[in-house]
Amino acid sequence: MVGAKSEKFLRKWQVAKRWDRGEDPVVVGPIYRLAVTPPEYAAMAFRLEDNQWWVGFARGRPGMWAFEDGEPFSLRTLGYYERWLKRHGAFAGMLNEKGELVFPSRR
(Lines give C-alpha, C1' and ligand atoms only; values in the text may rest on other atoms or scores of the structure.)
Protein backbone atom coordinates (compact mmCIF):
# COMPACT_ATOMS: atom_id res chain seq x y z
CA MET A 1 0.00 0.00 0.00
CA VAL A 2 1.34 3.43 -0.94
CA GLY A 3 0.47 6.83 0.49
CA ALA A 4 -1.68 9.48 -1.19
CA LYS A 5 1.27 11.46 -2.58
CA SER A 6 2.88 8.30 -3.92
CA GLU A 7 -0.40 7.24 -5.51
CA LYS A 8 -0.54 10.63 -7.26
CA PHE A 9 2.80 9.93 -8.97
CA LEU A 10 1.74 6.44 -10.02
CA ARG A 11 -1.48 7.82 -11.56
CA LYS A 12 0.35 10.68 -13.29
CA TRP A 13 2.64 8.24 -15.09
CA GLN A 14 -0.19 5.69 -15.60
CA VAL A 15 2.06 2.99 -14.17
CA ALA A 16 -0.71 0.49 -13.34
CA LYS A 17 -2.43 0.89 -16.73
CA ARG A 18 0.82 0.44 -18.59
CA TRP A 19 1.74 -2.59 -16.47
CA ASP A 20 -1.66 -4.13 -17.26
CA ARG A 21 -0.95 -3.59 -20.98
CA GLY A 22 2.17 -5.71 -20.61
CA GLU A 23 4.97 -3.18 -20.16
CA ASP A 24 7.66 -4.74 -17.97
CA PRO A 25 9.30 -2.65 -16.69
CA VAL A 26 7.22 0.54 -16.94
CA VAL A 27 9.72 3.23 -17.98
CA VAL A 28 8.86 6.85 -17.12
CA GLY A 29 10.43 10.29 -17.27
CA PRO A 30 13.64 11.43 -18.93
CA ILE A 31 16.05 9.04 -20.62
CA TYR A 32 19.73 9.34 -19.74
CA ARG A 33 22.73 8.22 -21.78
CA LEU A 34 25.21 6.31 -19.65
CA ALA A 35 28.94 6.74 -20.15
CA VAL A 36 29.57 3.19 -21.35
CA THR A 37 30.58 1.62 -24.65
CA PRO A 38 28.55 0.73 -26.63
CA PRO A 39 26.11 3.55 -25.80
CA GLU A 40 23.39 2.50 -23.41
CA TYR A 41 20.46 4.34 -21.91
CA ALA A 42 18.90 4.32 -18.45
CA ALA A 43 15.56 5.57 -17.15
CA MET A 44 13.31 5.52 -14.10
CA ALA A 45 11.34 2.29 -14.05
CA PHE A 46 8.56 0.62 -12.07
CA ARG A 47 7.80 -3.04 -11.59
CA LEU A 48 5.15 -4.92 -9.62
CA GLU A 49 6.63 -7.65 -7.42
CA ASP A 50 4.65 -9.61 -4.82
CA ASN A 51 1.75 -7.15 -5.11
CA GLN A 52 4.02 -4.19 -4.30
CA TRP A 53 5.33 -1.48 -6.62
CA TRP A 54 9.09 -1.21 -6.90
CA VAL A 55 10.95 1.81 -8.30
CA GLY A 56 14.43 1.80 -9.70
CA PHE A 57 16.08 2.13 -13.05
CA ALA A 58 16.09 0.18 -16.26
CA ARG A 59 18.96 -0.07 -18.73
CA GLY A 60 18.94 -0.75 -22.42
CA ARG A 61 17.31 0.89 -25.38
CA PRO A 62 13.74 1.95 -26.10
CA GLY A 63 11.65 -1.18 -26.47
CA MET A 64 14.34 -3.38 -24.89
CA TRP A 65 14.50 -2.29 -21.25
CA ALA A 66 15.75 -4.49 -18.40
CA PHE A 67 14.97 -3.62 -14.78
CA GLU A 68 18.38 -3.30 -13.14
CA ASP A 69 18.01 -2.16 -9.58
CA GLY A 70 15.13 -1.11 -7.39
CA GLU A 71 13.48 -0.94 -4.00
CA PRO A 72 9.90 -0.87 -2.73
CA PHE A 73 8.27 2.34 -3.97
CA SER A 74 8.22 5.41 -1.74
CA LEU A 75 8.85 9.08 -2.41
CA ARG A 76 12.23 8.67 -0.74
CA THR A 77 13.35 5.88 -3.09
CA LEU A 78 11.90 7.78 -6.06
CA GLY A 79 14.14 10.74 -5.18
CA TYR A 80 17.15 8.48 -4.72
CA TYR A 81 16.82 6.97 -8.20
CA GLU A 82 16.13 10.37 -9.80
CA ARG A 83 19.41 11.61 -8.33
CA TRP A 84 21.22 8.39 -9.32
CA LEU A 85 20.20 8.80 -12.96
CA LYS A 86 21.27 12.45 -13.07
CA ARG A 87 24.62 11.58 -11.45
CA HIS A 88 25.45 8.64 -13.75
CA GLY A 89 24.05 9.79 -17.07
CA ALA A 90 23.54 12.72 -19.40
CA PHE A 91 20.04 13.74 -20.45
CA ALA A 92 19.29 12.18 -23.83
CA GLY A 93 15.58 12.77 -24.40
CA MET A 94 12.12 11.51 -23.56
CA LEU A 95 9.97 8.61 -24.71
CA ASN A 96 6.96 9.48 -26.85
CA GLU A 97 3.60 7.68 -26.74
CA LYS A 98 4.97 4.97 -29.06
CA GLY A 99 7.93 4.30 -26.77
CA GLU A 100 10.42 5.90 -29.15
CA LEU A 101 13.24 8.11 -27.93
CA VAL A 102 12.62 11.75 -28.84
CA PHE A 103 15.58 14.06 -28.66
CA PRO A 104 15.09 17.64 -27.46
CA SER A 105 14.94 20.23 -30.22
CA ARG A 106 17.70 22.81 -30.18
CA ARG A 107 16.73 26.37 -30.99
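Further up the page is the structure itself.
Heads up: these notes are all about the structure in this document. Every value quoted in this text rests on a predicted model; they were computed, and no experiment measured them.

Focus on the overall build of the protein chain
Along the protein chain, the regular secondary structure elements total three helices and six strands. Secondary structure elements of the protein chain, listed N to C terminal, follow the sequence α-α-β-β-β-β-α-β-β. Rg of the C-alpha trace for the protein chain: 13 Å, near the compact-globule value of 13 Å for 107 residues, within the 12% margin. Principal-axis analysis of the C-alpha atoms places the extent of the protein chain at approximately 40 × 25 × 25 Å. A burial count over the protein chain gives 36% of its 107 residues as buried. When contacts within the protein chain are restricted to residue pairs at least 6 apart in sequence, long-range pairs at least 24 apart make up 40% of them. Accessible surface for the protein chain amounts to roughly 7,200 Å². Of this, 50% is attributable to carbon and sulfur atoms. Between the averaged position of the 18 positive side-chain charges in the protein chain and that of its 13 negative side-chain charges there is a distance of 9 Å.

Some details on the side chain of Ser6
By the secondary structure assignment, Ser6 is in helix H1 (residues 4-12). Excluding its chain neighbours within four sequence positions, the residues that come into contact with Ser6 are Phe73, Ser74 and Leu75.

Digging into a positive patch on the surface
A grouping of Lys5, Lys8, Arg11 and Lys12 is seen on the molecular surface, where their side chains present a positively charged patch. Following the sequence through the fold, Lys8 ends up in helix H1. With relative accessibility at 57%, the residue Lys8 sits in the exposed group.

Some details on the pairing of strand E5 (residues 89-95)
For strand E1 (residues 26-34) and E5, the ladder comprises five bridges, and the chain directions are antiparallel. Looking at the pairing, Tyr32 lines up with Phe91 of E5. Here two bridges tie E5 to strand E6 (residues 101-102), and the two strands are oriented antiparallel to one another. Bridging from a neighbouring strand, Leu95 pairs with Leu101 of E6. The turn linking E5 back onto E6 is made up of five residues, and Gly99 within it adopts a positive phi angle of 85°.

Some thoughts on helix H3 (residues 75-88)
When the terminal C-alpha atoms of H3 are compared, their 20 Å separation across 14 residues agrees well with the 20 Å that a helix rising 1.5 Å per residue should span. When H3 is considered as a whole, its buried residues turn out to be Thr77, Leu78, Gly79, Tyr81, Trp84 and Leu85. Among the structural elements, H1, E1, strand E2 (40-49), strand E3 (52-61), strand E4 (64-72) and E5 are those in contact with the buried residues of H3.

Rules used in this analysis
- Residues numbered from 1 in each chain as written.
- Predicted model: local features only at pLDDT ≥ 70, side-chain atom pairs only at ≥ 80, totals over all residues.
- Heavy atoms only, no water.
- Helix = DSSP H or I, 4+ residues; strand = E, 2+ residues; numbered from the N terminus.
- Rg over C-alpha atoms; globule rule 2.2 N^0.38 Å.
- Buried < 20%, exposed > 50% of the residue type's maximum accessible area, 1.4 Å probe, protein only.
- Contact = heavy atoms within 4.5 Å.
- Areas by Shrake-Rupley, 256 points an atom, 1.4 Å probe, with all protein chains shown as cover.
- Lys, Arg positive; Asp, Glu negative; His and termini not counted.
- Charge placed at Lys NZ, Arg CZ, Asp CG, Glu CD.
- Patch = residues over 30% accessible without salt bridge, like charges linked within 9 Å, V, L, I, M, F, W, Y side chains within 5 Å.
- Salt bridge = Lys/Arg side-chain N within 4 Å of Asp/Glu carboxyl O.
- Pairing = 2+ DSSP bridges.
- Expected span 1.5 Å × (residues − 1).

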